[in-house]
Amino acid sequence: SIKESNKKTRAAAFDLVIEVARAMDESNEENGVVSMVHLIIGGLVGSTSQMVSASVMALARMMFEFTPNMVPMIHDLLPAVLMLFQSKSREVIKAVLGFLKIVIMRLDSKTLLDYTPQILEGALIWAEDSKNKFRLKVRVILERLAKKVGFEALERYIPESHRPLLTHIRKETKRKDRLKSARSEMDWDGQSFADTVGTKGGRSHAVSKDPSTWQSDVFSQDSAGKSSVGLGRKSTRSHAKQLGAGITAVGATGEPLNLLEGSTIRRLVGMSVRR
């Protein structure tokens, strides 16, 4: 049911996995969750790609919900899942990449560093594959891994042939940090300019910690994709055009506008919103 096309069915299936795990944990606090994980692991040797990928996704959900219980198992669990990178099924590969996102998010930096060589060895197999956006997904994983363990540590383990990709990610990360720092300087009334006009509906594009939406964040398009860049190119042009019209209107008196003043910016943004 985790692989059903109906969104509500998938959500109900994930909820059921967690409810069963909680019930087992209540009846046996020491091994309840562990026993549930052992049941799910059996699906990794399933006869169909659907069963294998569904099992990986269920393990990812368990990892998200019961991290303290599953960390002692990671020594056996992570290598077993990483072996699936050898699969020819893209359905399975997509699930494994989603599982890695959760692992990187939930494990502490020290533990994660121990498994970085194995993660790189598996994920980089698909670093040049653009079908199903695997190349983008691998890049997102490298970005998140670098933030947790550091670029220097990552550089020690990454193969020479993939060093240019890591260098590019490092430059892009620094550029984004500079932009974020510059935008934060335009803060007024406790709300930054970037938060006002640079996001869509005020939503964060990091992985949600809400259990009801986590699976769509992890197994759908990645945060670097078209669907998650805040304002798209078209809406950005439209917004710029509206701001331009606002500048013309405000400056109709012939007096030069001081764009460094918060009041001027507020008027321009206000005019844009009213339009």
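Residues numbered from 1 in each chain as written. Predicted model: local features only at pLDDT ≥ 70, side-chain atom pairs only at ≥ 80, totals over all residues. Heavy atoms only, no water.

Caption draft 1: Fine view of the overall build of the protein. Looking only at helices and strands, one finds 14 helices and 0 strands in the protein. Ordering the α and β elements of the protein from the N terminus gives α-α-α-α-α-α-α-α-α-α-α-α-α-α. Taken over 275 residues, the protein has a buried fraction of 39%. The long-range fraction of contacts in the protein, counting pairs at least 24 apart against all pairs at least 6 apart in sequence, stands at 63%. Carbon and sulfur atoms provide 52% of the accessible area of the protein, an area that totals close to 15900 Å². (Helix = DSSP H or I, 4+ residues; strand = E, 2+ residues; numbered from the N terminus. Buried < 20%, exposed > 50% of the residue type's maximum accessible area, 1.4 Å probe, protein only. Contact = heavy atoms within 4.5 Å. Areas by Shrake-Rupley, 256 points an atom, 1.4 Å probe, with all protein chains shown as cover.)

Caption draft 2: Representation of the pattern of salt bridges in the model. This structure, assessed with the given rule, holds 9 salt bridges. Salt-bridge contacts for Arg 139 lead to Glu 143; the nearest nitrogen and oxygen are separated by 3.3 Å. Highlighted residues: Arg 139 and Glu 143, both in helix α8 (residues 134–149), separated by 4 residues, approximately one helical turn. For Glu 143, a relative accessible area of 13% puts it in the buried group. Connected through shared salt-bridge partners, Glu 19, Arg 22, Arg 61 and Glu 65 make up one network. (Salt bridge = Lys/Arg side-chain N within 4 Å of Asp/Glu carboxyl O.)

Caption draft 3: Geometry of the side chain of Ser 55. Looking at the element boundaries, Ser 55 is found in helix α3 (residues 49–65). Ser 55 gets classed as buried once you look at its relative accessible area, which sits at 5%. A polar contact is formed between the side chain of Ser 55 and the backbone oxygen of Met 51, at a distance of 2.8 Å. When residues no more than four places from it in sequence are discounted, the contact partners of Ser 55 are Ile 40, Gly 43 and Leu 44. (Polar contact = N/O pair within 3.5 Å; in protein donor to acceptor, adjacent residues only side chain to side chain.)

Caption draft 4: Representation of the confidence of the model for the protein in the model. Considering every residue of the protein, the mean pLDDT works out to 76; 66% of them sit at 70 or more. Within the model, the stretch residues 221–234 combines pLDDT values under 50 with 23 contacts to residues more than four positions away or in other chains. (pLDDT = per-residue confidence, 0-100.)

Caption draft 5: Structural view of the environment of Leu 166. Tracing the chain through its elements places Leu 166 in helix α10 (residues 163–184). A C-alpha to C-alpha distance of 8.5 Å links Leu 166 and Glu 143, two positions 23 residues apart in sequence. Those residues within four positions of Leu 166 in sequence are excluded, and the remaining contacts are Phe 151, Leu 154, Glu 155 and Ile 158.

Caption draft 6: Spatial organisation of the side chain of Ser 53. Relative to the helices and strands, Ser 53 resides in helix α3. There is a polar contact of 2.8 Å between the side chain of Ser 53 and the side chain of Lys 3. A polar contact is formed between the side chain of Ser 53 and the side chain of Glu 91, at a distance of 3.4 Å. Beyond its immediate chain neighbours, meaning those up to four positions away, Ser 53 contacts Lys 3, Glu 91, Val 92 and Ala 95.

Caption draft 7: The arrangement of the packing of helix α5 (residues 74–82) against helix α7 (residues 109–123) in detail. Put simply, α5 and α7 touch, their axes get as near as 10 Å, and they point 15° apart. The orientation of α5 with respect to α7, classified from their angle, is roughly parallel. Here the hand of the crossing between α5 and α7 comes out right-handed. Each of Ile 74, His 75, Leu 78, Pro 79 and Leu 82 in α5 lies in contact with α7, whose residues at this interface are Tyr 115, Gln 118 and Ile 119. Tallied by class, residues from the contact of α5 with α7 come to 6 nonpolar, 2 polar and no charged. (Axes fitted to C-alpha atoms, helices over the stretch in contact; angles between N-to-C directions. Parallel < 35°, antiparallel > 145°, perpendicular 65-115°, else oblique. Left-handed = near helix turned anticlockwise from the far one by under 90°. Nonpolar A, V, L, I, M, F, W, Y, C, P; charged D, E, K, R; others polar.)

Caption draft 8: How the structure looks around the environment of Pro 79. Looking at the element boundaries, Pro 79 is found in helix α5. Separated by 40 residues in sequence, Pro 79 and Ile 119 have C-alpha atoms that sit 8.8 Å apart. When sequence neighbours within four positions are dropped, the list of residues in contact with Pro 79 reads Ile 74 and Gln 118.

Caption draft 9: Expanded view of the packing of α5 against helix α6 (residues 90–106). Here α5 crosses α6 at 150°, and the two axes come no closer than 10 Å. In terms of orientation, α5 and α6 fall into the roughly antiparallel class. Here α5 and α6 pass one another in a crossing that is left-handed. Only Val 96, Phe 99, Leu 100 and Val 103 of α6 make contact with α5, whose side of the interface consists of Leu 77, Leu 78, Val 81 and Leu 82. Along the lines of polarity and charge, the residues of the contact of α5 with α6 split into 8 nonpolar, no polar and no charged.

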